[in-house]
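# Notes for the structure review
Letter by letter, the chains look like this.
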Amino acid sequence: MTEISIPRRIFYDEPVESVLQQLINILNIKKMVIVTDKVIRGMDFFRKITDAVSSTSYQVFDDVEPEPPIDIGDKVAKVIKQVGADVVIAVGGGSVIDSAKAGVVKSLRPDLDVEDIAPFNPIGMEFRRPIIIAIPTTSGTGSDASYAMVLTKDENKRKIKIDVANSELVPYIVILDPKIPAGMPKTLTIGTALDAMTHAIESFVSTNSNPFTDALSLKVVEGVLRYLPIVLKDPSNLEARANLHIAATMAGMAFSNSGLGLAHALGHPLGAMLGLHHGTAVGLLLPYVIDFNYNDSRAKEKYDYIKDFLELTLKLEKKEKLSEHIRLFYSKIDFPQRLRGMEIEKNKFDKVKKFVAEEALHDPTLAFNPRIPTPEELESLLESIY
Amino acid sequence: MPKFPSKEWAEKFCEELNKSETYRNSARGWIWPILFKVKDLPKELKSQFSSGSPGFLVDLNNGTCRGVKWFDDSSKADAPFVLTATFDDWLNVIQGKINPVSAIVRRKLALEKGSVSSIMRYPVAALEMVRAAQRVGLK
Ligand SMILES: [Fe+2]
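In this text the structure is predicted, and so the values were computed from the model without any measurement.

Looking now at the domain arrangement of chain A. Residue and element names in this part refer to chain A. By the assigned domains, chain A splits into domain 1 (9-175) and domain 2 (183-385). Once you take the C-alpha centre of each, domain 1 and domain 2 turn out to be 27 Å apart. Between domain 1 and domain 2, the buried area comes to about 1300 Å², and carbon and sulfur atoms account for 59% of it. For the domain 1 face of the interface with domain 2, the top three residues by lost area are Ser139, Gly140 and Tyr147, together amounting to 36%. For the pair domain 1 and domain 2, the number of links is zero salt bridges. For the pair domain 1 and domain 2, the interface holds three residue pairs in polar contact (both at pLDDT 80 or more). For the side of domain 1 that touches domain 2, the leading source of residues is strand S7 (residues 158-165), giving three residues. Looking at side-chain class alone, the side of domain 1 that touches domain 2 contains five nonpolar, six polar and four charged residues.

Residues and elements named next belong to chain B. Under the counting rule described, the total for this entry stands at one disulfide over all chains. Across a sulfur-sulfur distance of 2.0 Å, cysteine 14 and cysteine 65 are joined as a disulfide pair. Classification of the bridge connecting cysteine 14 and cysteine 65 rests on its S-S torsion, roughly -110 degrees, and on that basis the disulfide is left-handed. Note that cysteine 14 is positioned in helix H1 (residues 7-19) and cysteine 65 in strand S3 (residues 64-71), a separation of 51 residues in sequence. Comparing cysteine 14 with cysteine 65 shows no difference in burial state: the two are buried.

On to the side chain of serine 6 of chain B. Relative to the elements of secondary structure, serine 6 of chain B occurs in the segment before H1. Only 2.7 Å separates the side chain of serine 6 of chain B from the backbone oxygen of lysine 3 of chain B, close enough to count as a polar contact.

Residues and elements named next belong to chain A. Distances from the iron ion to its protein donors, namely Asp195 (OD), His199 (NE2), His264 (NE2) and His278 (NE2), fall within the range 2.1 to 2.2 Å. Viewed at the metal, the four donor atoms of the iron ion are separated by angles of 85 to 168 degrees, and the geometry they form is irregular. Read in sequence order, the donor residues for the iron ion give the motif D-x3-H-x64-H-x13-H. Here aspartate 195 and its partner histidine 199 are both found in helix H6 (residues 186-205), four residues apart, which amounts to about one turn of the helix. On the basis of relative accessible area, aspartate 195 is assigned to the buried category, the value being 4%. The exposure class of histidine 199 is buried, given its relative accessible area of 3%.

Moving on, we get to the packing of H6 of chain A against helix H11 (residues 297-313) of chain A. Residues and elements named next belong to chain A. Look at H6 against H11: their axes get within 9 Å of each other, and the N-to-C directions meet at 135 degrees. It follows that H6 is oblique to H11 by the angle criterion. As for how H6 packs across H11, the hand of that crossing is right-handed. Each of Ile201, Phe204 and Val205 in H6 lies in contact with H11, whose residues at this interface are Arg298, Ala299, Lys302, Tyr303, Tyr305 and Ile306. Residue classes in the contact of H6 with H11 are distributed as seven nonpolar, no polar and two charged.

For the second largest pocket, the calculated volume is near 620 Å³. Considering the residues around the second largest pocket, the lining is formed by 18 residues, among which Leu361 and Pro375 of chain A together with Thr22, Asn25 and Ser26 of chain B are closest to the centre. Looking at the lining of the second largest pocket, the elements that each hand over two or more residues are helix H13 (346-360) and helix H14 (375-385) of chain A together with helix H2 (21-26) and helix H7 (123-136) of chain B. No other element matches H2 of chain B, which puts four residues into the lining of the second largest pocket. Of the residues that constitute the lining of the second largest pocket, the class distribution is six nonpolar, five polar and seven charged.

The next subject is the packing of aromatic side chains. One pass over the structure, following the stated rule, counts 18 aromatic pairs over all chains. Consider the rings of phenylalanine 4 of chain B and tryptophan 9 of chain B, whose centres lie 4.8 Å apart with planes at 80 degrees: the pair is edge-to-face. For the ring pair phenylalanine 49 of chain B and tryptophan 70 of chain B, a centre distance of 5.9 Å and an interplane angle of 50 degrees mean the geometry is tilted. Here the residue phenylalanine 49 of chain B occupies a position in the loop between helix H3 (43-46) and strand S2 (55-61), and tryptophan 70 of chain B occupies one in strand S3, the gap between them amounting to 21 residues. Of the two residues examined, phenylalanine 49 of chain B and tryptophan 70 of chain B, each falls in the buried class. The structure contains a cluster of three or more aromatic residues connected by ring pairs, namely Phe4, Trp9, Phe13, Phe36, Phe49, Phe56, Trp70, Phe87 and Trp90 of chain B. One cation-aromatic arrangement involves arginine 371 of chain A over phenylalanine 292 of chain A; the distance from NZ or CZ to the ring centre is 3.8 Å.

Another point: the sheet that holds strand S3 (residues 57-61) of chain A. Residues and elements named next belong to chain A. In spatial order, the strands read S1-S8-S5-S4-S2-S3; together these six strands make up an open sheet with parallel pairing. The open sheet has two edge strands, strand S1 (9-11) and S3, and neither has a second partner. Neighbour to neighbour, the strand axes of the sheet diverge by 20 degrees on average, direction disregarded. When S1 meets strand S8 (residues 173-175), the two strands line up parallel, connected through three bridges. Note on S8: the bridge partner recorded for arginine 9 is isoleucine 173. Strand contacts of helix H5 (residues 94-108): strand S2 (31-35), strand S4 (87-92) and strand S5 (131-136), with the helix running at about 160 degrees to S4, the strand carrying the most contacts.

Residue and element names in this part refer to chain B. Inspection of the secondary structure assignment puts methionine 129 in helix H7. On the accessibility criterion, methionine 129 (14% relative accessible area) is buried. Setting aside chain neighbours within four positions, we find methionine 129 in contact with Phe13, Leu17, Tyr23, Ile34, Phe36 and Leu60.

Right, let's get into empty space enclosed by the protein. Residue and element names in this part refer to chain B. Evaluated as defined, the whole model comprises two cavities of 30 Å³ or more. The calculated volume of the largest cavity comes to roughly 390 Å³. Around the largest cavity, the lining comprises 26 residues; the ones closest to its centre are Ile34, Phe36, Leu83, Ala126 and Met129. Tallying contributions element by element places H7 first for the lining of the largest cavity, with five residues.

Another point: the pattern of salt bridges. Scanning the model with the defined rule gives 37 salt bridges over all chains in all. When the shortest N-O distance is used, the salt bridge between glutamate 115 of chain A and lysine 153 of chain A registers 3.1 Å. Within this pair, whereas glutamate 115 of chain A is found in the loop between H5 and S5, its partner lysine 153 of chain A is found in strand S6 (residues 148-155), the two being separated by 38 residues in sequence. Using a relative accessible area of 23% as the deciding quantity, one classes lysine 153 of chain A as partly exposed. Across the pair lysine 307 of chain A and glutamate 311 of chain A runs a salt bridge whose closest N-O atoms are separated by 3.4 Å. On the criterion of helical spacing, the pair formed by lysine 307 of chain A and glutamate 311 of chain A is a turn pair, its members being four residues apart in helix H11. For the pair lysine 307 of chain A and glutamate 311 of chain A, a shared accessibility class is recorded, and that class is buried. In the salt-bridge network here, residues are joined through shared partners; they are Glu16, Lys19, Glu128, Arg131 and Arg135 of chain B.

Conventions we followed
- Residues numbered from 1 in each chain as written.
- Chains lettered and ligands numbered in written order.
- Predicted model: local features only at pLDDT ≥ 70, side-chain atom pairs only at ≥ 80, totals over all residues.
- Heavy atoms only, no water.
- Domains from an automatic or database assignment.
- Buried area = accessible area lost by both parts, 1.4 Å probe.
- Salt bridge = Lys/Arg side-chain N within 4 Å of Asp/Glu carboxyl O.
- Polar contact = N/O pair within 3.5 Å; in protein donor to acceptor, adjacent residues only side chain to side chain.
- Helix = DSSP H or I, 4+ residues; strand = E, 2+ residues; numbered from the N terminus.
- Nonpolar A, V, L, I, M, F, W, Y, C, P; charged D, E, K, R; others polar.
- Disulfide = S-S within 2.5 Å.
- Buried < 20%, exposed > 50% of the residue type's maximum accessible area, 1.4 Å probe, protein only.
- Donors = N, O, S within 2.8 Å, 3.2 Å for Na, K, Ca; no water.
- Tetrahedral: all angles 85-135°; square planar, octahedral: opposite > 155°, others 65-115°.
- Axes fitted to C-alpha atoms, helices over the stretch in contact; angles between N-to-C directions.
- Parallel < 35°, antiparallel > 145°, perpendicular 65-115°, else oblique.
- Left-handed = near helix turned anticlockwise from the far one by under 90°.
- Contact = heavy atoms within 4.5 Å.
- 1 Å grid on protein atoms, 1.4 Å probe; cavity = no way out; pocket = protein on both sides within 12 Å on 5 of 7 lines; lining within 4 Å.
- Points joined across faces, edges and corners; volume = space filled by probe spheres on them.
- Phe/Tyr/Trp six-rings, centres within 6.5 Å; stacked < 30°, edge-to-face > 60°.
- Lys NZ or Arg CZ within 6 Å of the ring centre and 35° of its normal.
- Pairing = 2+ DSSP bridges.

Here you go:
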């Protein structure tokens, strides 16, 4: 069986409060839990959301922290049960959305150990309430559209990532309101957009890609190259923001069904060791990874496809390689093309290089990269990014 | 060249893994035996295995292969990781027509037991296992 899983309904062209009010009527929602974190709870748009659902009986769970621990599911489930919720609304980024997913799993299947969730074993969430409504607050992670869930666990004083996947974990509804990410500062706007672009390009060349994900990916790359410079010049341009917000979710639909690649495999440990924003790390690595994978003939063909598509749709001057367009784009938006441009000291980088290479070879996102590197190749790739 | 599947093929596969430095380095930390099951055999093999599903267990531990066990009837065997596929799908994987990890997430290779996320952490080792199988060859 080969399948793709995506959200059932995606709303994208209306303020979140009006979509919620309509959904409460259409779906006859009486009781809900809103999952979020303390920062988001204090924001203006959050009040609009609670105002919009005030006709229902709801409770807010705002105890989500970054890299949520595995027992977050039990805590959220407890509130779901107290309220008797039909709906769980997740307002936030990846950590919030994944906490909501874990909560719904535990509320319906208290017997199931979250770690034991397997892609092909039914959880028993399908056709049952509570359903999940995801309202992403940044335009990057794509977890609103994905069937993966990442939690953490402490083992021998080390934080271990638990990532599981199952098609029943895809949020039932996603609401994309561009006014929500419009408050992001410039660096986060760039970081999240480059994350989405990297998702799309890695998804497109993944050895596990398929026609559905390919179509989504192309439109994402075009969208980021077209709209990010507009947003940076005029942060209040809501139409351009909306397009970036949509692109991030489309990228999530693509990569969660096709897998990622080497920029993410290296970007995860590199970002963690040097304290870089995830999108900054993978964006920085992307052109180097494209050049590395170019030796693989199938990957070259697919990169060239993206290149031709961009030259056609964005009327770009013809170039030899896709990485040249990416580098030109980075200079246009003032994004550093090397680590030394990011105030990272050379000796700090040298200390972590070997570790980053080793970790990358065991990162699950490497599995579908077109070319599997040796440890030496990874170290020399890393050398070149400084 | 031994034919696939057979006890001799499995033994040669184990030898090839032990010869590979790439496998030794990339599979450090993997400590679970894997049982490989083959179903939907072609006619000429069907008469040989009345069970219809022979298989072999490869005892993998920290980058080495500690030995193999052959089963004329794989339903009588068990291991922490169990992979089942049709004879044709095994051939496609061994010939490199499909990436082994893709084959698992697309359910061409059915992971009857064991976690996909553990396998995803050993992409280099998974590909090297395919290369080792290619060095054994197919008849
Ligand atoms: Fe990412």
